[in-house]
Amino acid sequence: MECPRCSLLSPEGALTCDCGYSFAPTLEPRSGPRTMTFHGGVRDAARALLAMIGFSLLIVTAAWAYARFYQWLFRHLLLSDGAKATFEGRPAQVWFSALALALLPQADRVLPRFVLNKITDENERAVAAVVLLLLIMVGQTLAWLDLCRWMAAGIRVSTGTALTFDGGAGGCFLWVFLCQVVTALLVPTRFFSLLLLPLVLRGGSRWMINHVCSKHSKLRFTGSLWQVWWRTTVAFSLSILVIPIPWVMTWLYKWAARNILIEPVTPEGKAFLPAR
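A quick note: this is a predicted structure, and the numbers were derived from the prediction, not measured. (Residues numbered from 1 in each chain as written. Predicted model: local features only at pLDDT ≥ 70, side-chain atom pairs only at ≥ 80, totals over all residues. Heavy atoms only, no water.)

A word on the overall build of the chain
Keep this limit in mind: Numbered from the N terminus, helices here are DSSP runs of H or I no shorter than four residues, and strands are runs of E no shorter than two. A contact between two residues is defined here by any heavy atoms of the two lying within 4.5 Å. The Shrake-Rupley method, run with a 1.4 Å probe, gives the accessible areas here. Residue values count only the displayed protein chains as cover.
Broken down by element type, the chain carries 8 helices and 8 strands. Counted over contacts in the chain with a minimum sequence separation of 6, partners at least 24 positions apart contribute 66%. In the form shown here, the chain has an accessible surface area of approximately 16200 Å², with 66% of it arising from carbon and sulfur atoms.

Encoded structure:
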């Protein structure tokens, strides 16, 4: 039989291909949702964190920071049916997008001052400021979309399931816009706008997770706003101390994994809900 992933021929009746693809009929829709758990430890989280910091500091290697993070994250995921996952995305594929995400926040601070200082008319200055901000947010939106699609395509499930990301630019732009609003309100509100951060994080996480899908299933994030709010508040407070960050990472992702469902979908693309 021919492997649909690598086209390698295997003996009839083989369970797996040499590339790791499973010939078992695990891609068919199931009668109910599956769950997942995260089994990463603090030591692995610390090693991944140090690698991510090292790659991020160089800026031009920011894509490798994302790759290292996803390798750590997906390697420790276990699905309720026993399936495992790894991440094989190549950092070079999103090098420009990762670089843009690292530099655009700096451009948001530098470009307006550089450009607006050359404009004397107040109305023109206001228009130029809005245009610059919109261009920066559009750039961030396109970079995040590219990164999300790369992330989903790079996940390798032991069952051979191929994942994609079908989120659109509208939802991503809204999330980028809300992040900009929270950031802009930090000083005027004396950092009270941080209370809105969990709401923005939940919306962004839910949008990102809910748009990861395969031919027969899709993900759905079920974490409540209250759970996200108090866990984000605790995580932010502990992260100020720096040392607990690896523990905070494992604590958050263990909770997040428990709140993600893998739901079967009908041929029309709608989630299949079993009768109760």
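After that view of the structure, there is still more to cover.
A closer look at helix H2 (residues 62–75)
The cut-off we apply is this: Given the number of residues in a helix, its expected span is that number minus one, multiplied by 1.5 Å. Exposure classes here rest on a 1.4 Å probe applied to the protein chains alone. A residue is buried below 20% of its type maximum, exposed above 50%, and partly exposed in between.
Along its 14 residues, H2 runs 20 Å from first to last C-alpha, staying within 8% of the 20 Å computed at 1.5 Å per residue. With 10 of 14 residues buried, H2 lies mostly within the body of the structure. Considered for burial, the residues of H2 that qualify are Ala62, Ala63, Ala65, Ala67, Arg68, Phe69, Tyr70, Trp72, Leu73 and Phe74.

A look at the nonpolar core
Put simply, the test is: Nine residue types can take part in a nonpolar core, namely buried Ala, Val, Leu, Ile, Met, Phe, Trp, Tyr and Cys, and a core is a set of them joined through side-chain atoms within 4.5 Å.
Judged by nonpolar contacts, the single largest core of 50 residues is most densely connected at Met36, Tyr70, Trp72, Phe74 and Ile155. The greatest single-element share of this core, amounting to 9 residues, is contributed by H2. Aside from chain neighbours lying at most four places away, what touches Ile155 is Phe74, Ala85, Thr86, Phe87 and Leu163. Listed in part, the 5 residues of the second largest apolar core include Met137, Val176, Val182 and Val200.

Brief notes about the environment of Trp230
If you trace the backbone, Trp230 turns up in helix H7 (residues 225–239). The spacing of Trp230 and Pro198 is 32 residues in sequence and 8.2 Å in space, taken between C-alpha atoms.

Topic: H7
Quick reminder of the rule: Directions are taken from the helix axis to each C-beta atom, and the arc is the one they span.
Over its 15 residues, H7 extends 21 Å from the first C-alpha to the last, a length consistent with the 21 Å expected when each residue adds 1.5 Å. Within H7 the residues assigned to the buried category are Val228, Arg231, Thr232 and Ala235. Seen along its axis, H7 keeps its buried residues to an arc of 105°; they face one direction. In this structure, the buried side of H7 is in contact with helix H6 (197–210), strand S7 (217–221) and helix H8 (245–258).

Notes on the confidence of the model for the chain
Stated formally: As a per-residue quantity, pLDDT reports the predictor's confidence and falls between 0 and 100.
A residue-level look at the chain finds 87% of positions with pLDDT of 70 or above and a mean pLDDT of 85. Across the chain, the secondary-structure element scoring lowest on mean pLDDT is helix H3 (residues 95–116), at 82, and the one scoring highest is H2, at 96. In the model, residues 25–30 has pLDDT below 50 throughout and makes 12 contacts with residues more than four positions away in sequence or in other chains. Residue range residues 272–276 is modelled with pLDDT below 50. Its contacts to residues more than four positions away, or to other chains, number 9 contacts.

Focus: the packing of H7 against H8
Under the convention used in this document: Angles here are taken between N-to-C directions and fall from 0 to 180 degrees, while the axes themselves are lines fitted to C-alpha atoms, restricted in helices to the stretch in contact. In these notes the angle categories are as follows: under 35 degrees is roughly parallel, over 145 is roughly antiparallel, 65 to 115 is roughly perpendicular, and the rest is oblique. Note on convention: the crossing is left-handed when the near helix lies turned anticlockwise from the far helix by less than a right angle, right-handed when the turn is clockwise. All amino acids are sorted into three groups, where Ala, Val, Leu, Ile, Met, Phe, Trp, Tyr, Cys and Pro are nonpolar, Asp, Glu, Lys and Arg are charged, and the leftover types, Gly among them, are polar.
One way to put it is that H7 packs onto H8 with a least axis distance of 9 Å and a crossing angle of 165°. Between H7 and H8, the angle falls in the class roughly antiparallel. Where H7 crosses over H8, the handedness of that crossing is left-handed. Contact residues: H7 offers Gln227, Val228, Trp230, Arg231, Val234, Ala235, Leu238 and Ser239, while H8 offers Ile245, Trp247, Val248, Trp251, Leu252, Trp255 and Arg258. Taken together, the residues of the contact of H7 with H8 sort by class into 11 nonpolar, 2 polar and 2 charged.

A few points about a nonpolar patch on the surface
How we decide: Think of a patch as exposed residues, more than 30% relative accessible area, with no salt bridge, where like charges cluster within 9 Å and nonpolar side chains (Val, Leu, Ile, Met, Phe, Trp, Tyr) cluster within 5 Å. We define a salt bridge as a side-chain nitrogen of Lys or Arg found within 4 Å of a carboxyl oxygen belonging to Asp or Glu.
On the surface, Leu174, Phe177, Leu178, Val181, Leu185, Leu196, Leu199 and Leu225 cluster together to form a nonpolar patch covering roughly 630 Å² of accessible area. Among the elements that make up the nonpolar patch, the one with the highest residue count is helix H5 (residues 169–184) (4 residues). Note on placement: Leu174 falls in helix H5. Among the residues examined, Leu174 registers a relative accessible area of 48% and is labelled partly exposed.

Thoughts on unusual backbone geometry
The phi dihedral of Ile59 is positive, around 65°, even though this residue is not glycine. Note on placement: Ile59 falls in the loop between helix H1 (42–57) and H2. Judged by its relative accessible area of 33%, Ile59 is partly exposed. Even without being glycine, Val242 reaches a positive phi, approximately 70°. Turning to its location among the elements, Val242 is positioned in the loop between H7 and H8. According to the relative accessible area criterion, Val242 is exposed, its value standing at 55%.

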